[in-house]
Each structure stands twice: as C-alpha cells, then as structure tokens.
Amino acid sequence: MLCQRVRVLNRHITAWLRGLLTIAWADGEYNPEEKELIEGLIQDELGSNVNLGSLKPITGEELAAVLGRETAIAENFLRTGVIMALANGTYSESEDKVLQDYCAALEPSGEVLDALKVLLISSEAITEERRQALLEKLQATFPEGDVLHPVRQWLDGLDINTPYMARFLCKAIPPQCPFERDIKLFGHKIVHIPPMCKLNPLYDQLVGLRFRALSYLADDCQEDISRYI
C-alpha cells in the first residue's frame, strides 16, 4: 500500500514538473534562473537518477489523465503554473496559450486567465477588440474596478499541503522585492529598472504564498528553511 502511494505521488510530481517545464519553454526564453529552479526541484523531489533531459513537454489531456479533472490537485497545479509564468514579472501570450490549454483540460474556470490576459499581455499580442470584450466581461463581474481581484483571490486559495509545493514556492518567488537601480554606461544612465513589486501587480500575493510555504516547511515538515532565506 505504501509503495502504491509513493508511485502515485511520483506520477503526480513528474506530471507537475513536466507542466512547469512546458510553461517555462513556452516563450522560447528558457533562462538560467528557470533552468536552475526546475533542476533543483527535480533533484529535491525525484532524486539524482532523473535528469532534466528525460522530462518532456506535456499536454493538457496528459495532465488531466494524471491529476484528474476539476480536482484540488489540478487547480493547485494551475496556480503554480501561473506563478511560474509571473515569477519574472511578465506574462506572455505563449505562456497564456499553454495555460489556456491546461485550463480547458483540467476544467476550472478560465476567468483568472482572462484577467491576466487583458491586463498583462502587451497590446501587440492581443487585439484591442478582444481586450475590450474581456475587460467589459470582468468589469461586469467586479464593478468596483479591481479586475485582478479574481486572480488575487484564486492565488490566495492555493492549499500548501505538500513539501514539493512548498519548496517550489520558496524557490520560484524571490525572498524580497529587488531594489530599483540604474544601469549606467561610461557614467551615463541608460536605463532605470523599477523594483519588481512595481512590475508585478500580484507581487503581494506571491510574497504571502512564499511566507506560508516557509511556515509549512518549518512547522509542519520540521525542515531547515535557512537555504530559502
């Protein structure tokens, strides 16, 4: 019985990691930070006998076959997928396309992704007509004007109840809002980079999730969290 539960857990973790990899690869910019994050998760959760090259992209239907449809596990996966897309402060059309496919297969509401699409994807990637239609739909639901409210509420609902979920959050979300800084060349400022919290309108939610993940690892798992601080 124990061996069976371990096999099921490993299937869930493997599918989850393949989903995160698919999102990371979606925009064609698999940067060193994303690679380090995924490789660290593989080592922590699946062991040294599994390498990055053995994990392939996964479709929404393949994910649903492992995680189920309309399950808490499936919805928590989608939350981590959105966090993977948002962690660098951007949300691209290609990442949205992958997440839309996963959302359709796993069958939760697409309202959250609509909000991300209308507010965070550049105007070149989505027609103004489509943007306006999505915005009107969201404003009808949330007339007070905070159309990101469903995203904030949805992310806050992530149930941190497994070590692998907590470790992902601690690694994917930076420990603090990076300081704004100027990039200078030969003594002249060429670009100003604002703090990440100004770039990412959901930064407060991400920081809150990271704190909850640290508390879970320390209090429930009795794990040393010094490496995440």
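Residue numbers restart at each chain and count upward from 1, following the sequence in its written direction. For a predicted model such as this one, the threshold for reporting local features is a pLDDT of at least 70, and the threshold for listing and counting side-chain atom pairs is 80 or more; totals across whole chains, interfaces and linings nevertheless cover every residue. To obtain the side-chain values, all non-hydrogen atoms of the structure were included, while hydrogens and water were left out.

Engineer: I'd love a proper account of the packing of aromatic side chains, names of residues and values included.
Structural biologist: By convention, a stacked pair of Phe, Tyr or Trp rings (six-membered ring in the case of Trp) has centres within 6.5 Å and planes under 30 degrees apart, an edge-to-face pair has planes over 60 apart, and any other such pair is tilted. By the definition in use, this model includes three aromatic pairs. Between W16 and F168 the ring centres are 5.6 Å apart and the planes differ by 80°, which places this aromatic pair in the edge-to-face class. Of the two residues, W16 sits in helix 1 (residues 2-26) while F168 sits in helix 9 (residues 163-172), which places them 152 residues apart along the sequence. Summarising the burial analysis for this pair, W16 and F168 share the class buried. In this structure an aromatic cluster arises from ring pairing among W16, Y164 and F168. Secondary structure follows DSSP: runs of H or I at least 4 residues long count as helices, runs of E at least 2 residues long count as strands, and numbering of each begins at the N terminus. To sort residues, take the accessible area from a 1.4 Å probe on protein chains only and compare it with the maximum for the residue type: under 20% means buried, over 50% means exposed, and anything in between is partly exposed.

Engineer: Can you lay out the nonpolar core for me, pointing to particular residues and giving the numbers?
Structural biologist: Ranked by internal contacts, the top residues of the largest apolar core, which has 62 residues, are W16, I83, L116, F168 and L169. Note on definitions: a residue-residue contact is assigned when non-hydrogen atoms from the two residues lie within 4.5 Å. Each residue touching I83, except ones within four places of it in the same chain, is listed here: L155, L158, F168, L169, I173, L206 and L209. By convention a nonpolar core is built from buried Ala, Val, Leu, Ile, Met, Phe, Trp, Tyr and Cys residues, the set being connected through side-chain atoms within 4.5 Å.

Engineer: Run through the confidence of the model for the chain, naming residues and quoting values.
Structural biologist: pLDDT expresses how confident the predictor is about each individual residue, on a scale running from 0 to 100. Here the chain shows a mean pLDDT of 79. Residues at 70 or above account for 72%. Averaged pLDDT values for the elements of the chain fall to 53 in strand 1 (residues 181-185) and rise to 94 in helix 3 (residues 60-67).

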